[in-house]
Amino acid sequence: MNLTYIDAIREAQAHALRDDPRVFIYGQDIGAFGGAFKATKNLAKEFPGRVLDSPISEDAMVGLAVGAAIEGMRPIIEMQFADFSTVGFNQIVNQAATLFWRTNVPCPITVRLPFGGTSGGGPFHSQCIETIYAHYPGLIVLTPATVEDAYSMLLEAVALDDPVIFCEHKFLYRHLKAEKLPSEALPIGKARIAREGRDLTIVTYSAMLHEALEAATELAPEGWEIEIVDLRSVKPLDTDTVMASVARTGKLLCVGEAWPWGGVTAEIIARVASEGYGLLDAPPQRLNAKDTPVPYHPNLWTAHRPTARAVAAAARKLLRT
Amino acid sequence: MSTRELQLSAFRFMLLARLLDDKFAALYRAGKIHGGVFLARGQEALSASIGVSLKKTDVFAPLIRDTAGRLAFGEPVLDAVRTYLGSPLGPMRGRDGNVHRGRPQEGYLPMISHLGAMISVVNGVLFARRLKKISGTVGAACIGDGATSTGAFHEALNQAAVEKLPLVLIVADNQYAYSTPTSFQFACENLADKAIGYGVESYSVDGTDLSVCLKVVGDAVAKARAGDGPQLIVAKLLRLCGHGEHDDASYVDPQLKSSPLGRDCLKVAEEFLLRQNWTDAATIAEWRGKFAREIEEAVGQVQREPAPDPFAENWLAISSEHLSETHTNHE
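As the structure is a computational prediction, the values presented were derived from the model and not from experiment.

**Concerning the overall build of chain A**
Part 1 of the argument: Regarding its fold elements, chain A presents 11 helices and 14 strands.
Part 2 of the argument: Since a compact globule built from 321 residues should have a radius of gyration of about 20 Å, the 19 Å found for chain A is in line with a globular shape.
Part 3 of the argument: The dimensions of chain A, computed from C-alpha atoms along their principal axes, are 60 × 40 × 40 Å.
Part 4 of the argument: Sorting the 321 residues of chain A into buried and exposed places 58% on the buried side.
Part 5 of the argument: By sequence separation, contacts in chain A at least 24 residues apart represent 79% of the contacts at least 6 residues apart.

**Brief notes about the interface of chain B and chain A**
Part 1 of the argument: If you look at the interface, chain B gives 34 residues, while chain A gives 37 residues.
Part 2 of the argument: Those elements that place two or more of their residues in the side of chain B that touches chain A are α5 (117–131) and α6 (151–162) of chain B.
Part 3 of the argument: It is α5 of chain B that contributes the most residues to the side of chain B that touches chain A, 11 residues altogether.
Part 4 of the argument: Looking at the side of chain B that touches chain A, its residues break down into 17 nonpolar, 12 polar and 5 charged.

**Section: the environment of E130 of chain A**
Residue and element names in this part refer to chain A.
Part 1 of the argument: Here E130 is to be found in helix α5 (residues 130–135).
Part 2 of the argument: The buried category is assigned to E130, around which 27 C-beta atoms lie within 10 Å.
Part 3 of the argument: Placed 11 residues apart in sequence, E130 and V141 show a C-alpha to C-alpha distance of 6.8 Å.
Part 4 of the argument: Each residue touching E130, except ones within four places of it in the same chain, is listed here: V141, T143, C167, V234, A258 and V264.

**Some thoughts on the nonpolar core**
Part 1 of the argument: One finds A315 of chain A together with M14, V122, I170 and I233 of chain B to be the most contacted residues of the largest nonpolar core, which totals 206 residues.
Part 2 of the argument: For this core, the element with the most residues is helix α1 (residues 3–29) of chain B, which contributes 10 residues.
Part 3 of the argument: Both domain 1 (3–178) and domain 2 (192–319) of chain A contribute no fewer than three residues apiece to this core.
Part 4 of the argument: Leaving out residues up to four positions away in the same chain, I233 of chain B has contacts with V168, I170, V171, Y203, V205, V216, V217 and A220 of chain B.

**Comments concerning the environment of S250 of chain B**
Part 1 of the argument: As for its position among the elements, S250 of chain B is in the loop between β7 (231–236) and α9 (254–257).
Part 2 of the argument: For S250 of chain B and S179 of chain B, which are 71 residues apart along the polypeptide, the C-alpha to C-alpha distance reads 9.1 Å.

**Some thoughts on the domain arrangement of chain A**
All names here are of chain A.
Part 1 of the argument: Parsing chain A into structural domains produces domain 1 (3–178) and domain 2 (192–319).
Part 2 of the argument: For domain 1 and domain 2, the distance between their C-alpha centroids amounts to 26 Å.
Part 3 of the argument: Contacts between the two partners involve 26 residues from domain 1 and, on the opposite side, 21 residues from domain 2.
Part 4 of the argument: Looking at the side of domain 1 that touches domain 2, the elements with two or more residues in it are α5, β6 (140–142), α6 (147–159) and β7 (164–169).
Part 5 of the argument: Of the residues assigned to the side of domain 1 that touches domain 2, the class counts are 13 nonpolar, 11 polar and 2 charged.

**Considering α6 of chain A**
Residue and element names in this part refer to chain A.
Part 1 of the argument: End to end, α6 covers 19 Å across 13 residues, agreeing with the expected 18 Å (1.5 Å per residue, within 8%).
Part 2 of the argument: For α6, the buried fraction is high: 11 of the 13 residues fall into the buried class.
Part 3 of the argument: Restricting attention to buried positions, one finds in α6 the residues V147, E148, D149, A150, Y151, S152, M153, L154, E156, A157 and V158.

**Quick notes on the packing of helix α3 (residues 58–70) of chain A against α5 of chain B**
Part 1 of the argument: Here α3 of chain A crosses α5 of chain B at 50°, and the two axes come no closer than 6 Å. Taken together, the axes of α3 of chain A and α5 of chain B lie oblique to each other. Read as a crossing pair, α3 of chain A and α5 of chain B show a hand that is right-handed. Taken together, the residues of α5 of chain B that come into contact with α3 of chain A (itself represented by D59, A60, G63, L64, A65, V66, G67, A68 and I70 of chain A) are A117, S120, V121, V122, N123, G124, V125, F127 and A128 of chain B.
Part 2 of the argument: Counted by class, the contact of α3 of chain A with α5 of chain B contains 12 nonpolar, 5 polar and 1 charged residues.

Rules used in this analysis
- Residues numbered from 1 in each chain as written.
- Chains lettered and ligands numbered in written order.
- Predicted model: local features only at pLDDT ≥ 70, side-chain atom pairs only at ≥ 80, totals over all residues.
- Helix = DSSP H or I, 4+ residues; strand = E, 2+ residues; numbered from the N terminus.
- Rg over C-alpha atoms; globule rule 2.2 N^0.38 Å.
- Buried ≥ 20, exposed ≤ 12 C-beta atoms within 10 Å, placed from the backbone.
- Contact = placed C-beta atoms within 7 Å.
- Nonpolar A, V, L, I, M, F, W, Y, C, P; charged D, E, K, R; others polar.
- Core = buried A, V, L, I, M, F, W, Y, C linked by C-beta atoms within 7 Å.
- Domains from an automatic or database assignment.
- Expected span 1.5 Å × (residues − 1).
- Axes fitted to C-alpha atoms, helices over the stretch in contact; angles between N-to-C directions.
- Parallel < 35°, antiparallel > 145°, perpendicular 65-115°, else oblique.
- Left-handed = near helix turned anticlockwise from the far one by under 90°.

This is the structure in structure tokens:
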């Protein structure tokens with residue numbers, strides 16, 4: 001079998017629908033059409049009345065999910081693109097994220113965000129906005145980087161009693177393949193050492209994991225052994241795994257596709273600087289997208305986001321300090 | 001329930017709500033309340049009509065000025081007092097206050113401050129009930145004229161219409177959104193006309209008249225319950241207080257105050273009940289005394305309750321404790 005990342009998303013949803021009668025999916029074009037990316041292909045047919053088309057109303061989609069969760073259901077909301085979730089932002093951060101804290105009633109909703117850049121995506125179909133959601137208390141924010149994680153983490157997200165922002169990277173949808181779906185997996189909240197090394201730690205997540213892995217391969221013939229931490233969840237953030245890796249290598253480079261101001265890479269550097277200052281042999285560094293909207297043309301886009309080459313260059317510079 | 005019994009029941013909730021609000025205003029002036037106090041004065045007839053028209057198994061998302069409707073839907077006076085005073089024994093446990101209170105698992109949804117945001121949440125409960133094959137329940141959501149300008153209102157009413165949900169959306173058109181008059185809020189002649197664009201049935205009602213409010217709200221709830229889809233009610237009235245007790249409402253047009261809209265619905269209802277001989281002044285005085293005592297007792301009890309303890313507080317925003325962020329400033 002040859003399963004892609006998007007197949008894993010679809011299979012996880014089919015699995016959840018099959019196992020739990022409380023699960024339903026609501027989103028734009030997801031019924032008979034199967035979704036803009038085909039993440040719900042044939043699911044409306046297999047699970048009649050449980051995979052439902054919504055009007056183009058992101059605010060009301062999330063509001064409906066919160067109401068359904070209060071009534072004991074486990075809704076999955078598909079945002080057509082993560083970028084459009086900002087229209088439903090209020091319901092996510094003020095309604096879903098505060099419900100448990102205010103009322104002690106959990107809010108088990110999963111909001112799927114197809115996110116991140118693809119060539120030609122442009123300013124409004126490419127954004128990485130995990131940071132804004134991670135900023136709000138009450139949300140869990142996941143960023144799977146592999147086919148296996150896309151599957152197991154989505155299943156776990158739906159089973160959790162809390163609102164989950166599930167960031168699935170569009171660039172990985174058909175780019176990644178796996179032999180089979182996993183029966184066991186690391187739990188949410190645990191980072192993974194994606195490659196072992198002793199000279200420098202790269203902490204990254206989602207599509208940037210693959211750029212980092214490529215950079216590590218490029219640096220290997222030069223004699224550098226790069227360790228790579230795949231965060232998997234950005235909230236909660238597995239500080240322990242990061243710190244242990246930095247303790248081994250003494251050097252830290254954080255790589256994210258999101259914009260540079262604040263954010264996941266800044267958060268990691270802040271934590272390592274305050275709690276692991278003595279572990280560092282050099283000032284920690286980070287690499288992010290440029291601080292502009294995401295450009296349309298491939299020439300501009302590849303320069304806007306970190307690439308394997310850019311990661312390797314940043315790593316080389318840090319290795320030589 | 002006969003018309004007489006229904007009117008008397010609604011009137012008692014109006015009276016209780018007015019007295020409770022008066023008490024909150026007094027506590028506010030005495031500096032006993034943290035944050036704002038938001039009164040329902042002038043809106044009791046409409047609000048009580050909603051509360052008494054719903055069953056306990058229905059869904060209710062009240063807004064700021066629904067003291068009467070909350071009580072009629074079954075909220076104990078103690079819940080209201082505990083929330084205003086921030087008692088950890090109340091439904092919001094000092095984590096949220098004043099009008100932000102409810103018991104979601106009993107169909108009583110606690111509003112967030114963002115106007116129009118509760119409508120789609122009511123839709124969600126109704127949608128889930130349909131998926132669970134539970135029929136015959138209705139969801140009521142309350143908003144003001146200001147909230148009709150929000151995207152959330154549009155999205156949610158349209159969503160309810162598309163899904164033919166048993167939603168009753170009640171707009172208290174009280175002439176001002178904080179200080180903004182309706183002329184800056186909408187340009188159509190009557191807010192109820194907006195329903196046409198959504199393919200939804202609508203009603204206009206004099207919000208100062210309990211009898212007609214009960215009739216119109218009751219009919220709309222019955223239609224929604226019967227499967228006729230969403231219903232929009234627009235009640236015209238005047239807010240007889242500031243937005244909150246911090247607001248002297250000096251901007252309210254004096255002509256509006258002296259117009260029929262400016263009538264006090266509680267007085268109108270009382271006069272009507274007396275004229276009908278459905279009750280007498282002595283009975284009303286007796287209710288007034290009983291409610292005042294009930295409120296005083298609740299306030300006294302809550303004031304003796306301990307305040308929330310920051311050291312005993314479980315500072316956790318998610319229910320999955322094993323996924324809590326361990327990195328905080330004080331560690």
